[in-house]
Amino acid sequence: MPSSNRRILVTGGAGYIGSHTTLQLLDTGYDVVVVDNLSRGRREAVDPARLREVDLLDTESLVRVMNEKPFDAVIHFAAYISVGESMKTPELYFHNNTAGSLSLLTAMIRTGIKNVVFSSTAAVYGMPTTVPIPESEPYAPVNAYGETKVMVEKMLNWFDQLHQLRSICLRYFNASGADPEGRTGEEHDPETHLIPLLFLAIKTGKPVTLFGSDYPTPDGTCIRDYIHVSDLARAHIAAVESLVNGGPSAKYNVGTGQGYSVQEVLRAVEEVTGRSVPYTFGPRREGDPPLLVADSSRLQRDLGWKPVDSGLNRIVETAWKWFNRARA
Ligand code: UFG
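The following paragraphs examine the structure supplied in this document. (Residues numbered from 1 in each chain as written. Predicted model: local features only at pLDDT ≥ 70, side-chain atom pairs only at ≥ 80, totals over all residues. Heavy atoms only, no water.)

Another aspect to go through is the overall build of the chain. A count of helical and extended segments in the chain gives 10 helices and 14 strands. What you see for the chain is a C-alpha radius of gyration of 19 Å, in line with the 20 Å of a compact globule of 328 residues. The principal-axis extents of the C-alpha atoms in the chain amount to approximately 55 × 40 × 40 Å. For the chain, buried positions account for 54% of its 328 residues. For the chain, long-range pairs separated by at least 24 residues make up 80% of all intrachain contacts whose partners lie at least 6 apart in sequence. (Helix = DSSP H or I, 4+ residues; strand = E, 2+ residues; numbered from the N terminus. Rg over C-alpha atoms; globule rule 2.2 N^0.38 Å. Buried < 20%, exposed > 50% of the residue type's maximum accessible area, 1.4 Å probe, protein only. Contact = heavy atoms within 4.5 Å.)

The next thing to look at is the environment of Val265. Relative to the helices and strands, Val265 is located in helix 8 (residues 262-273). Since its relative accessible area comes to 0%, Val265 is described here as buried. With 199 residues separating them in the primary sequence, Val265 and Met66 have C-alpha atoms 42 Å apart. Look past the residues within four positions of Val265 in its chain and what remains in contact with it is Leu194, Ile195, Leu198, Tyr226, Tyr260 and Leu312.

What follows deals with the packing of helix 2 (residues 59-66) against helix 4 (residues 90-111). The contact between helix 2 and helix 4 brings their axes to 9 Å, and the two run at 45°. In terms of orientation, helix 2 lies oblique with respect to helix 4. For the pair helix 2 and helix 4, the crossing hand works out as right-handed. From helix 2, Thr59, Glu60, Leu62, Val63 and Met66 reach across to helix 4, where they touch Ser103, Leu104, Thr106, Ala107, Met108, Arg110 and Thr111. The residue makeup of the contact of helix 2 with helix 4, split by class, is 6 nonpolar, 4 polar and 2 charged. (Axes fitted to C-alpha atoms, helices over the stretch in contact; angles between N-to-C directions. Parallel < 35°, antiparallel > 145°, perpendicular 65-115°, else oblique. Left-handed = near helix turned anticlockwise from the far one by under 90°. Nonpolar A, V, L, I, M, F, W, Y, C, P; charged D, E, K, R; others polar.)

In the region of the ligand, 21 residues are neighbours, and His193, Thr209, Phe211, Arg285 and Asp288 sit closest. Contacts to the ligand include Thr192, whose backbone N or O atom sits 3.3 Å from an oxygen atom. The backbone of Leu194 places a nitrogen or oxygen atom 2.9 Å from an oxygen atom of the ligand. Within the complex, 90% of the 680 Å² of free accessible area of the ligand lies under protein. Residue contributions to the shell around the ligand peak at 3 residues, all from strand 8 (residues 208-211). Counted by class, the shell around the ligand contains 13 nonpolar, 5 polar and 3 charged residues. (Near = heavy atom within 4 Å. Polar contact = N/O pair within 3.5 Å; in protein donor to acceptor, adjacent residues only side chain to side chain. Areas by Shrake-Rupley, 256 points an atom, 1.4 Å probe, with all protein chains shown as cover.)

Quick look at the sheet that holds strand 2 (residues 31-35) now. Backbone hydrogen bonds hold the strands of a sheet together, and the pairing may be parallel or antiparallel. Strand order in the open sheet formed by 7 strands is 3-2-1-4-5-6-11, with parallel pairing between adjacent strands. Every other strand in the sheet has two partners, leaving strand 3 (51-52) and strand 11 (250-254) as the edge strands with one partner each. Pairing geometry for strand 5 (residues 115-121) and strand 6 (residues 166-172), over 7 bridges, is parallel. Within strand 6, the position partnered with Ser119 by the bridge is Leu170. Seen against the sheet, helix 2 touches strand 1 (7-11), strand 2 and strand 3 and runs at an angle of roughly 170° to strand 2. The sheet contacts of helix 7 (residues 229-244) involve strand 1, strand 4 (73-76), strand 5, strand 6 and strand 11, and relative to strand 6 the element is tilted by about 165°. (Pairing = 2+ DSSP bridges.)

Now for the sheet that holds strand 12 (residues 260-261). The 3 strands lie next to each other as 12-9-14, forming an open sheet whose pairing is mixed. One side of each edge strand has no neighbouring strand; the edge strands of this open sheet are strand 12 and strand 14 (291-292). Pairing between strand 9 (residues 223-224) and strand 12: 2 bridges, direction antiparallel. Among the inter-strand pairings, Ile223 is bridged to a residue of strand 12, identified as Ser261.

Here's what the structure looks like:
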């Protein structure tokens, strides 16, 4: 791992993936300032001395923060992430995610910061035609959330060409797990993600609904590529190092290449926790592709990244430890 005195500005550092990456940056010797408006993030997740409570849409305040010290790069996490919500209030998503990113990039251009790592998503592909999915798969989002990320990726292409602003877009598959040391973890309100919902079913005794049992997969439930949040954090650090060392702009999938069905995840939760998960089957959730698995060979080849914490049981163990601490 690179150790450095580099200064990194992290947007959304109070959120799930942002807080893990911030901790890992600090563990590795980076200096970090976090910009977060705390609309969805957790205040406790950030050292108050590092936090600047600023909204992404407030370009002037971003410029002020960026002028605090000479930042080497920005890692841009801040965004709304709920696919379902994006289909009810798309305006909120285009405003916060797309216009917010434009405001951030404008502030970077004004202050001369030339490197950005951007949180993108497998949702840019929609219903992919090739699985495992390579980065060459065309953009075809099936929800507004994915479209907001496509728009930012496209802006980044233009800013590279016209402002020499270098970017690495990391297209996450299913972020999961928690800091192995238990310092931070996943906590969304409302929770929509599978693993914490399986834990909630154990805790409350109220059955979780599995969305669909008739998909064209071996057990009829959707298959996803679960990637441990610590592995995601490592991908961000590798991306920052590449850019700061003069590497080119790029787009990378971040996943393991291994898919698990909803029922396999449920069984792993039962095995790790030693508890049974009450569940029922419900109808399919709109916009859920049957199979999403990453081809991450480009990331492995170019940046030397590889997943180390993403075994399914390891993901569930770390997430369960955090769940019991956070919701005790
Ligand atoms: N699922 C259920 N019941 C639930 C919740 C989820 O059966 O109560 C299923 C889903 O249908 C899906 C799987 O569990 O098959 C995983 O669902 P999540 O909601 O945990 O994650 P998604 O795959 O829907 O979404 C994730 C990110 C999105 C991102 C997407 C990209 O959360 O931000 O991957 O594919 F857009």
